[in-house]
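# Chains, contacts and geometry: an overview
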Amino acid sequence: MSLTEKAMTRLRELIQSGELPPGTKLPPEQQLAAELGVGRNIMREAVRALVAARVLEVRRGNGTFVTSLQPRVLLEGIGGAVELLQGDTMLELTEVRRLFETAATGLAATRISPQQLAEVEGHLEAMRAAADDVQLLNQHDLAFHRAVVAATGNETLTMVLEGISSRTLRARVWRGLVDADAAGRTLREHEAIFLALAAGDAIQAQAAALMHITTTETWLRAHLPEQR
């Protein structure tokens with residue numbers, strides 16, 4: 001472990017222990033370096049790395065602070081990391097989506113409010129209106145699922161799924177461009193999800209989401225070799 005990594009580990013320990021709680025301003029650089037037993041250059045590198053990880057934030061003219069450490073902050077970078085994935089990762093991401101989003105949809109059925117259900121229905125109506133426009137249809141598709149997951153009230157789950165959505169969205173658009181029945185099937189599958197949510201039926205909601213995502217996954221498994 002390098003000196004920079006050791007300094008980062010020590011800073012994380014101070015944050016985890018509550019010595020540096022969320023929103024706290026870090027001590028002056030020289031003082032902090034002395035407390036951690038490292039040079040100032042090492043200290044700067046450790047701080048820069050934790051800023052990149054959204055653990056710390058620099059406020060110009062004010063100093064460096066511990067962030068809120070909320071999921072929406074710490075997990076914000078997942079999407080960027082997903083975009084950089086190399087190799088045959090599309091199916092892996094679809095599998096992750098299947099595992100997480102089906103459970104999230106079932107959970108949403110037990111927690112969704114009337115206002116949230118109305119938002120989901122609004123996205124479904126927008127999907128129907130955009131049935132002939134693959135790009136627009138899939139944008140509303142993404143918004144539909146985002147609203148469903150948000151209804152769980154689980155911010156960590158929401159951020160994780162948000163992080164993989166952009167990459168899998170492109171696959172869904174591709175499918176829509178080459179599969180003549182994709183739009184009709186997609187609408188039917190989303191209608192089934194909505195009806196299960198409206199009924200508050202967690203098992204049916206999870207089953208409907210599983211059917212929907214599995215359909216896309218099965219199609220990808222058959223067509224990815226063609227793209228290559």
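Structural notes, computed from the coordinates. As the structure is a prediction and not an experimental result, all values here were calculated from the model. Along every chain, residues carry numbers that run from 1 in the direction the sequence is written. Selection of residues for local features in this predicted model requires a pLDDT of at least 70, selection of side-chain atom pairs for listing and counting requires 80 or more, and totals for whole chains, interfaces and linings are taken over all residues. Note: side-chain values were computed over all heavy atoms of the structure, leaving out hydrogens and water.

Glancing now at the packing of aromatic side chains. Geometry of aromatic contacts follows a simple scheme: Phe, Tyr and Trp rings, the Trp one being its six-membered ring, pair when their centres are within 6.5 Å, and the pair is stacked under 30 degrees between planes, edge-to-face over 60, tilted otherwise. In total, this model carries 0 aromatic pairs according to the counting rule given. We call a charge positioned over a ring when the NZ of a Lys or the CZ of an Arg lies within 6 Å of the ring centre and within 35 degrees of the ring normal. Sitting over the face of the ring of Phe65, Arg59 holds its NZ or CZ atom 3.9 Å from the ring centroid.

Further remarks concern the pattern of salt bridges. Between Lys or Arg on one side and Asp or Glu on the other, a salt bridge is scored when a side-chain nitrogen of the former is within 4 Å of a carboxyl oxygen of the latter. Taken as a whole, this structure holds 13 salt bridges when the rule is applied. The partner of Arg40 in a salt bridge is Glu29, with the nearest N and O atoms 3.1 Å apart. Note that Arg40 is positioned in helix H3 (residues 40-52) and Glu29 in helix H2 (residues 29-36), a separation of 11 residues in sequence. Among the residues examined, Arg40 registers a relative accessible area of 40% and is labelled partly exposed. Exposure is judged per residue with a 1.4 Å probe applied to protein chains only, and the accessible area is read against the type maximum: over 50% gives exposed, under 20% gives buried, and values in between give partly exposed. Assessed through its relative accessible area of 27%, Glu29 is described here as partly exposed. Notably, a salt bridge pairs Arg72 with Glu155, separated by 3.4 Å at the nearest N-O pair. Residue Arg72 is located in helix H4 (residues 71-74), and its partner Glu155 is located in helix H9 (residues 155-178); the two are separated by 83 residues in the primary sequence. The exposure class assigned to Arg72 is partly exposed, which follows from its relative accessible area of 45%. By relative accessible area, Glu155 is classed as partly exposed at 29%. The numbering of helices and of strands both runs from the N terminus, where a helix is a DSSP run of H or I of at least 4 residues and a strand a run of E of at least 2.

With that settled, consider the nonpolar core. Counting 22 residues, the largest nonpolar core has Ile112, Val120, Leu137, Phe144, Val148, Ile193 and Leu197 as its most contacted members. Elements represented by at least two residues in this core include exactly helix H6 (90-111), helix H7 (114-129), helix H8 (134-150), helix H10 (182-199) and helix H11 (202-227). With 6 residues, H10 is the largest single contributor of residues to this core. Ignoring anything within four residues of it in the chain, the contact list for Val120 reads Ile112, Phe144, Ala147, Val148, Phe194 and Leu197. The set of buried Ala, Val, Leu, Ile, Met, Phe, Trp, Tyr and Cys residues whose side-chain atoms join them within 4.5 Å is what this entry labels a nonpolar core. We call two residues contacting when some pair of their heavy atoms lies within 4.5 Å.

So, about the side chain of Glu189. With respect to the secondary-structure elements, Glu189 resides in helix H10. Neither His nor the chain ends is counted toward charge; the positive residues are Lys and Arg and the negative residues Asp and Glu. One buried charged residue, Glu189, forms no salt bridge at all, with the nearest opposite charge on Arg185 at 4.9 Å. Those residues in contact with Glu189 that sit more than four places away from it in its chain are Met211, His212 and Thr215.

Another point: empty space enclosed by the protein. With a 1 Å grid laid over protein atoms only, a set of points is called a cavity when a 1.4 Å probe fits there but cannot get out and a pocket when it is open yet has protein on both sides within 12 Å along at least five of seven lines; lining residues have an atom within 4 Å of a point. Grid points are joined across faces, edges and corners, and a volume is the space filled by probe spheres set on the points. A full pass over the atoms with the stated rule returns 1 cavity of 30 Å³ or more. Lining the largest cavity, in full, are Glu101, Leu142, His145, Arg146, Val149, Thr158, Leu161, Glu162 and Ser165.

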